[in-house]
Amino acid sequence: MTRIGVVLGSTRPGRRGEPVARWVMNEAERRSDADFELVDLADHPLPHLDEPRPPSLGHETTPIALLFTLLGEVVAWSRALAPLRQVTQAA
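Residues numbered from 1 in each chain as written. Predicted model: local features only at pLDDT ≥ 70, side-chain atom pairs only at ≥ 80, totals over all residues. Heavy atoms only, no water.

Draft legend 1. Quick peek at the pattern of salt bridges. Considering all chains together, one arrives at 5 salt bridges under this definition. The partner of E18 in a salt bridge is R15, with the nearest N and O atoms 3.4 Å apart. Residues participating in the shared-partner salt-bridge network are R15, E18 and D40. (Salt bridge = Lys/Arg side-chain N within 4 Å of Asp/Glu carboxyl O.)

If you want it as structure tokens, here you go:
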């Protein structure tokens, strides 16, 4: 039988997705053509996603969230400078 995961994707304090996930699971119980499973990301260790506000706002409160933000900036700068590296290497 087909298995479908309903992902409750927020791990932030005060998340609001639980009522939606419960509604989806209640609707899914009416079906007999697939097995549905609730996958709650809060049940998995994802400390970089435990920030009260999105890290994109720049208000990280945990060291791991700050690290992930800095790594994202490094990747963005690396991509931005890639054309420049190609020009200097060609010269």
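Draft legend 2. Looking closely at the side chain of R15. Within the element layout of this structure, R15 appears in the loop between β1 (2-8) and α1 (18-28). Within the structure, R15 has its side chain in polar contact with the side chain of D40 (distance 2.7 Å). Ignoring sequence-local partners within four residues, the contact set of R15 consists of L8, S10, D40 and A42. (Helix = DSSP H or I, 4+ residues; strand = E, 2+ residues; numbered from the N terminus. Polar contact = N/O pair within 3.5 Å; in protein donor to acceptor, adjacent residues only side chain to side chain. Contact = heavy atoms within 4.5 Å.)

Draft legend 3. Fine view of the environment of L46. Mapped onto the secondary structure, L46 falls in the loop between β2 (34-40) and α2 (63-90). On the accessibility criterion, L46 (23% relative accessible area) is partly exposed. C-alpha separation for the pair L46 and T11, spaced 35 residues apart in sequence, amounts to 7.8 Å. Leaving out residues up to four positions away in the same chain, L46 has contacts with T11 and L41. (Buried < 20%, exposed > 50% of the residue type's maximum accessible area, 1.4 Å probe, protein only.)

Draft legend 4. Inspection of the side chain of D40 at higher detail. Within the secondary structure, D40 is located in strand β2. What makes D40 buried here is its relative accessible area of 12%. Polar side-chain contacts of D40 include one of 3.0 Å to the backbone nitrogen of A42. Here D40 is in contact with L8 and R15, once residues within four sequence places are set aside.

Draft legend 5. Geometry of the pairing of β1. Where β1 and β2 come together, 7 bridges link them in parallel fashion. If you follow T2 over to β2, its bridge partner there is A34. With α1 bridging β1 and the parallel β2, this β-α-β connection has right-handed handedness. (Pairing = 2+ DSSP bridges. Right-handed = clockwise from strand over helix to strand, strands pointing away.)

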